[in-house]
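Structural description and commentary
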Amino acid sequence: RHLGRPHVIGCWEVDGALVDPGPESSIGTVLEALDGARPEAILLTHIHLDHAAATGALVRRWPDLRVYVHERGAPHLIDPSKLLASAERLYGDQMQRLWGDIVPGPEQNVKALGGGETVRGMRVAYAPRHASHHVCYLHEETGTAFVGDVAACRLPGTNLVIPPTPPPDIDVEAWEDSIALVEGWQPEKLALTHFGPIEDPATHLAEAKRRLREEAELAHQMDEATYEADLQ
């Protein structure tokens, strides 16, 4: 319920860990869903504000909370000044309304990942290039892959798959390799941040690859104004 809207940003809870807690502006939704429970860890797919901006505030609330994040994202979680400067170029004076208060994460709470680890029953894989610091997690027991933005977005009740392509990190070929990595896991379910569970991972991942390539080709063929108009 980001800014009161359903089906925008989803925080997943698995075995006491929160995967992508979302922005601080929606932290009340997370606390309400926890219903008094105390999370044991935060697992971040990446540090974009819609996925991770509540992290510092949650650590402030529970000072022993461990935070797992890719090694390239960890410094910007600890000191978010560069991240915020970049985001302000996109969101301007809407930063506070959209994402809330961005609180630095204490260095002692942050565990940097490189990919290849197993964390709390989750297999970790480095999976760029929606972002250069993106990871995905496979929950071994249930076969659920927590894929952040690598597997694109889909609104519940529709078949429309949209790859989110914010500047400046996009690398289509590397992103396709990351989708292939998730396909190689042969997950039983995908957990999308935007939004919800996908019960047919193979079909969805194939469509995510097709749509990513389609958008890349359109962006190559059109000038900026025409491409933006086409997206409306």
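Before reading on, note that the structure itself is shown above.
Everything in this summary refers to the structure shown in the same document. (Residues numbered from 1 in each chain as written. Predicted model: local features only at pLDDT ≥ 70, side-chain atom pairs only at ≥ 80, totals over all residues. Heavy atoms only, no water.)

**A word on the layout of surface pockets**
Of the volumes computed, that of the largest pocket is approximately 980 Å³. The set of elements that each furnish at least two residues to the lining of the largest pocket consists of α2 (49–52), α5 (81–91) and α6 (95–99). For the lining of the largest pocket, the leading source of residues is α5, giving 7 residues. Split into classes, the residues belonging to the lining of the largest pocket amount to 15 nonpolar, 9 polar and 7 charged. Quantified by volume, the second largest pocket comes out at close to 390 Å³. Along its surface, the second largest pocket is lined by 22 residues, and Ile9, Gly10, Cys11, Trp12 and Thr29 are the ones closest to its centre. Secondary-structure elements contributing two or more residues to the lining of the second largest pocket are β1 (12–14), α1 (27–34) and β13 (196–198). Per-element tally for the lining of the second largest pocket: the top contributor is α1, with 4 residues. (1 Å grid on protein atoms, 1.4 Å probe; cavity = no way out; pocket = protein on both sides within 12 Å on 5 of 7 lines; lining within 4 Å. Points joined across faces, edges and corners; volume = space filled by probe spheres on them. Helix = DSSP H or I, 4+ residues; strand = E, 2+ residues; numbered from the N terminus. Nonpolar A, V, L, I, M, F, W, Y, C, P; charged D, E, K, R; others polar.)

**Here we look at the sheet that holds strand β9 (residues 144–146)**
Across the sheet, which stays open at both edges, the 6 strands sit in the order β6-β7-β8-β9-β12-β13 with mixed pairing between neighbours. Both edges of this open sheet fall to β6 (118–119) and β13, since each of them pairs with a single strand only. Of the strand pairs in this sheet, strand β8 (residues 135–139) and β9 are connected by 3 bridges, and their pairing is antiparallel. If you follow Tyr137 over to β9, its bridge partner there is Phe146. (Pairing = 2+ DSSP bridges.)

**Considerations on the sheet that holds strand β4 (residues 66–70)**
Sheet architecture is open: 5 strands sit in the order β1-β2-β3-β4-β5, paired in mixed fashion. The open sheet has two edge strands, β1 and β5 (110–113), and neither has a second partner. If you compare each strand with its neighbour and ignore which way they point, the axes differ by 25° on average. (Axes fitted to C-alpha atoms, helices over the stretch in contact; angles between N-to-C directions.)

**Quick notes on the pairing of β8**
Most of β8 sits inside the fold, with 5 of its 5 residues counted as buried. Residues Val135, Tyr137 and His139 line one face of β8 and the alternating positions Cys136 and Leu138 line the opposite face, and both faces are buried. In this sheet, β8 lies alongside strand β7 (residues 122–126) in antiparallel orientation, the contact comprising 5 bridges. Note on β8: the bridge partner recorded for Ala125 is Cys136. (Buried < 20%, exposed > 50% of the residue type's maximum accessible area, 1.4 Å probe, protein only.)

**Examining the pairing of β7**
Bridging between β6 and β7 involves 2 bridges; their strand directions are antiparallel. Note on β7: the bridge partner recorded for Val119 is Met122. Between β6 and β7, which pair antiparallel one after the other, the connecting turn spans 2 residues, and Arg120 there sits at a positive phi close to 50°.

**Structural notes on α1**
Of the residues making up α1, those classed as buried are Ile27, Val30 and Leu34. The buried side chains of α1 occupy one side of the element, clustering within an arc of 60° when seen end-on. Opposite its buried face, α1 presents the exposed residues Glu32 and Ala33, each directed more than 90 degrees away. Buried residues belonging to α1 abut β2 (17–19) and α3 (55–61). (Arc of directions from axis to C-beta. Contact = heavy atoms within 4.5 Å.)

**Focus on the nonpolar core**
Soluble globular proteins tend to bury their nonpolar side chains together. Formed by 29 residues in total, the largest nonpolar core has its most connected members in Leu44, Ile47, Leu49, Leu58, Val69 and Leu77. Counting only elements with at least two residues in this core, the list comes to α1, α2, α3, β4, α4 (74–78), α5 and α6. Beyond its immediate stretch of four places on either side in the chain, Leu77 contacts Leu44, Ile47, Thr55, Val67, Val69, Pro104, Gly105 and Val110. One finds Leu138, Val161, Val182 and Leu205 within the second-largest nonpolar core, a separate group that totals 21 residues. (Core = buried A, V, L, I, M, F, W, Y, C linked by side-chain atoms within 4.5 Å.)

Any functional reading would require information beyond the geometric quantities listed.
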